[in-house]
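Coordinate analysis (summary)
For reference, the chains in residue letters:
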Amino acid sequence: MTQMKLIFSVGTVALLLASGAVLVAAQTSGPQVAPAARFGKRQIGPQHQSLRGIPGTNSAAQPDTSFGFGLIDFPRSPDSTAFGVNSKNEIVGIYGANLPQWEGLTQSFLLKGNDYIPLAYPGAPYTSAFGINKQGEIVGWYYDPSGNGIWHAFLRKGAVYTTIDYPGAQYSAASNINNSGEIIGIYYNATGNIHGFTLRKGVYTSIDPPGSVYTSPFGINSAGVIVGQYEDAALVTHGFTYDKGQYTTVDYPGASNTALGGVNDQGQMVGEYGDDVEVAGQDWPTPHTFLLDNGIYTPFAAPVSDAQVTWVYTLSGNNFVGFNVDSLGNIYGYEATISQ
């Protein structure tokens, strides 16, 4: 079975979950601003790519597209990721050692300007923040403070955390939130199947594209258009969109597997494609990234010499975030801007 891209693979909580010592969660009595030291600042450099897209279902002219990249690196952390970004360019992600074996070894952060603010669900041994909207509301998942291994979805408003598990689910996790407060995520049922969900005005709705074995939504825009990935019975991974009750499958031209990670209010989408690759003994699915704009697929990669894998998450306006993996397995978060 192909590994799900985000944190959701069958039989696991985190991507390629490994056992490890549990760290004590950070204090939650008030925001803790980490110093913007050597490894801590946004590093916006002159790293750009100018690329020409390839046609998919649309035969329109292919515009040149440029991507500007900057590094996201939590202070003194060996690994960092970026998962969510809002219109204020506030970013959430995770940091710590031994990614992607995340359990108990990493925690989450909120990046505002050059200040990294650790995030932790009160009492939980592990917290993972994935999405943030323009109001600063954050969603993600956490391990139950009891240590029973159960994971729960959460919503953070201000300094207040609320559990938002899908009703009757064995496990739940939230992956993103739009500016209207609509939340998307996944849940595990009693048989071990993974389904997507939306939470809008207190009402939960399950998301499962036709023919899917399991589903993971990643991005949602202000109009409620949802993107993500699903696996079919042949164990092939496809991207999908969900808009007003209608599902559309999205596959990168000629690719074996595709995943969509984000969608903005203009309908542009970002995602990944390709066969799994092994990097430093770790399997990584869909290692290549693309922008989909009006039927035109434009591939891109983090402009560093040793990037073996590039993943992409939330797309907000012209900005998106993600991370890349080098040949030694080190993981670096990034933020990027699209220009055409």
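In this report, we go over the structure that sits alongside the text. All figures in this text were calculated on a predicted structure; none of them were measured in a lab.

A few words now on the packing of aromatic side chains. Each aromatic ring pair is specified by the distance between its two centres and by the angle formed by the two planes. Under the criterion given, the structure shown has 42 aromatic pairs. Relative to F130, the ring of F83 has its centre 4.2 Å away and its plane inclined at 15°; by these criteria the two rings are stacked. With a gap of 47 residues between them, F83 in the loop between β4 (79-80) and β5 (84-85) and F130 in strand β9 (residues 127-132) connect regions that are remote in the sequence. Exposure class is identical for F83 and F130. Each is buried. Grouped by ring-pair contacts, the aromatic residues F83, F130, W284, W311, Y313 and F323 constitute a single cluster.

Right, let's talk about the sheet that holds strand β20 (residues 246-250) for a bit. Read from one edge of the open sheet, 4 strands run β17-β18-β19-β20, paired in antiparallel fashion. Each having just a single partner strand, β17 (212-220) and β20 make up the two edges of the open sheet. Each neighbouring strand pair of the sheet contributes to a mean axis angle of 30°, computed without reference to strand direction. Pairing of strand β18 (residues 226-232) with strand β19 (residues 237-243) involves 6 bridges; the strand directions are antiparallel. By the bridge assignment for β19, V227 is matched with T241.

The element strand β25 (residues 288-293) is extensively covered by neighbouring structure, given that 5 of its 6 residues are classed as buried. In the sheet, strand β22 (residues 269-273) pairs with β25 via 5 bridges, with the strands oriented antiparallel. Bridge assignment links V270 to a residue of β25, and that residue is L291. Sheet analysis places β25 next to strand β26 (residues 296-300), joined by 5 bridges and oriented antiparallel. For T289, the partnering residue across the bridge sits in β26 and is F300.

Structurally, the position occupied by D232 is in strand β18. A polar contact of 2.9 Å, which involves the side chain of D232, links it to the backbone nitrogen of A234. Those residues within four positions of D232 in sequence are excluded, and the remaining contacts are G211, V213 and H238.

Rules used in this analysis
Residues numbered from 1 in each chain as written. Predicted model: local features only at pLDDT ≥ 70, side-chain atom pairs only at ≥ 80, totals over all residues. Heavy atoms only, no water. Phe/Tyr/Trp six-rings, centres within 6.5 Å; stacked < 30°, edge-to-face > 60°. Helix = DSSP H or I, 4+ residues; strand = E, 2+ residues; numbered from the N terminus. Buried < 20%, exposed > 50% of the residue type's maximum accessible area, 1.4 Å probe, protein only. Pairing = 2+ DSSP bridges. Axes fitted to C-alpha atoms, helices over the stretch in contact; angles between N-to-C directions. Polar contact = N/O pair within 3.5 Å; in protein donor to acceptor, adjacent residues only side chain to side chain. Contact = heavy atoms within 4.5 Å.

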